[in-house]
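A structural walkthrough
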Amino acid sequence: MRFPRPLPGRVRRNESGAAAVEFALVTTLLFPLVLGIIAFGIVFAQELALGNAARQTARYGVVADRSCADIVAEARHASNTIMMKGTDTTVTVKVGKSPTAATNRCAGPVTAVPCSGSTTGDNIYVSVGYVSELIIPLGPVDHDFELQGDGVFRCEFS
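In short, a report on the structure. Bear in mind that the values here come from a model prediction, so they are computed numbers and not experimental data. (Residues numbered from 1 in each chain as written. Predicted model: local features only at pLDDT ≥ 70, side-chain atom pairs only at ≥ 80, totals over all residues. Heavy atoms only, no water.)

**Observations concerning the sheet that holds strand 1 (residues 90-96)**
Sheet architecture is open: 4 strands sit in the order 2-1-3-4, paired in antiparallel fashion. Strands at the two margins of the open sheet, each flanked by one partner only, are strand 2 (103-104) and strand 4 (144-154). Of the strand pairs in this sheet, strand 1 and strand 3 (residues 123-133) are connected by 7 bridges, and their pairing is antiparallel. Each bridged residue has a counterpart across the sheet, and for Lys94 the counterpart in strand 3 is Tyr125. Along the sheet, helix 1 (residues 18-63) makes contact with strand 3 and strand 4, crossing strand 4 at roughly 25°. With respect to the sheet, helix 2 (residues 68-78) is in contact with strand 1 and strand 3, its orientation differing from that of strand 1 by roughly 130°. (Pairing = 2+ DSSP bridges. Helix = DSSP H or I, 4+ residues; strand = E, 2+ residues; numbered from the N terminus. Contact = heavy atoms within 4.5 Å. Axes fitted to C-alpha atoms, helices over the stretch in contact; angles between N-to-C directions.)

**Let's talk about the packing of aromatic side chains**
Taken as a whole and assessed by the stated rule, the structure comprises 1 aromatic pair. When the ring of Phe40 is compared with that of Phe145, the centres are 5.8 Å apart and the planes differ by 75°; the resulting orientation is edge-to-face. Linking Phe40 in helix 1 with Phe145 in strand 4, this pair joins segments that are 105 residues apart in sequence. Its relative accessible area of 41% is what places Phe40 among the partly exposed residues. (Phe/Tyr/Trp six-rings, centres within 6.5 Å; stacked < 30°, edge-to-face > 60°. Buried < 20%, exposed > 50% of the residue type's maximum accessible area, 1.4 Å probe, protein only.)

**Brief notes about the pairing of strand 3**
Among the 11 residues in strand 3, 9 count as buried, and that is most of the element. The sheet contact formed by strand 3 and strand 4 spans 11 bridges and is antiparallel. Paired with Asn123 across the bridge in strand 4 is Arg154.

**Some points on the pairing of strand 1**
Relative to strand 2, strand 1 runs antiparallel, the two sharing 2 bridges. Pairing of Lys94 across the sheet is with Asn104, part of strand 2. Hairpin connection between strand 1 and strand 2: a loop of 6 residues separates the two successive antiparallel strands.

**Here's the deal with the nonpolar core**
Side chains that are nonpolar tend, in soluble globular proteins, to be buried together. If you look at the biggest cluster of nonpolar residues, it comprises 24 residues, and the most contacted ones within it are Leu50, Val93, Ile124, Val126, Val128 and Cys155. Counting residues per element, the ones that place at least two in this core are helix 1, helix 2, strand 1 and strand 3. Among the elements that make up this core, the one with the highest residue count is helix 1 (7 residues). Beyond its immediate chain neighbours, meaning those up to four positions away, Leu50 contacts Ser79, Met84, Thr89, Val128, Gly129, Tyr130, Leu147, Gln148 and Gly149. (Core = buried A, V, L, I, M, F, W, Y, C linked by side-chain atoms within 4.5 Å.)

This is the structure we're talking about:
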């Protein structure tokens, strides 16, 4: 097949740099978008991990006579994942019939056993908190996120 000749007086344009310009335009939008998805995906995974750690710790606290020190150590061990240090987490252990009526049983001595002496219907409430930072700075936004996971189990083995 023969290609038509250009009309007389018309000059064909050179398009050798068009792909490079298009690539530069697309990547200025694509790279920040992909980096943002990765950064916020890590924060979301950390929040899921905190929820799992809190539920695991609440279950751990009611299975046997566990002291407050044991429960806090388990929470920190369980939350030591996905770019989080377990030692940087805050752990709160409360016991009561509802979250609003629960009292903090681990504010005093670390040898206390939260579920000992509990009455029928008492629950153990474990909250694990962590302050997460974005690993990729994304402009003038706040890079700290306060994350929290909560776990609840019935104190049935006291």
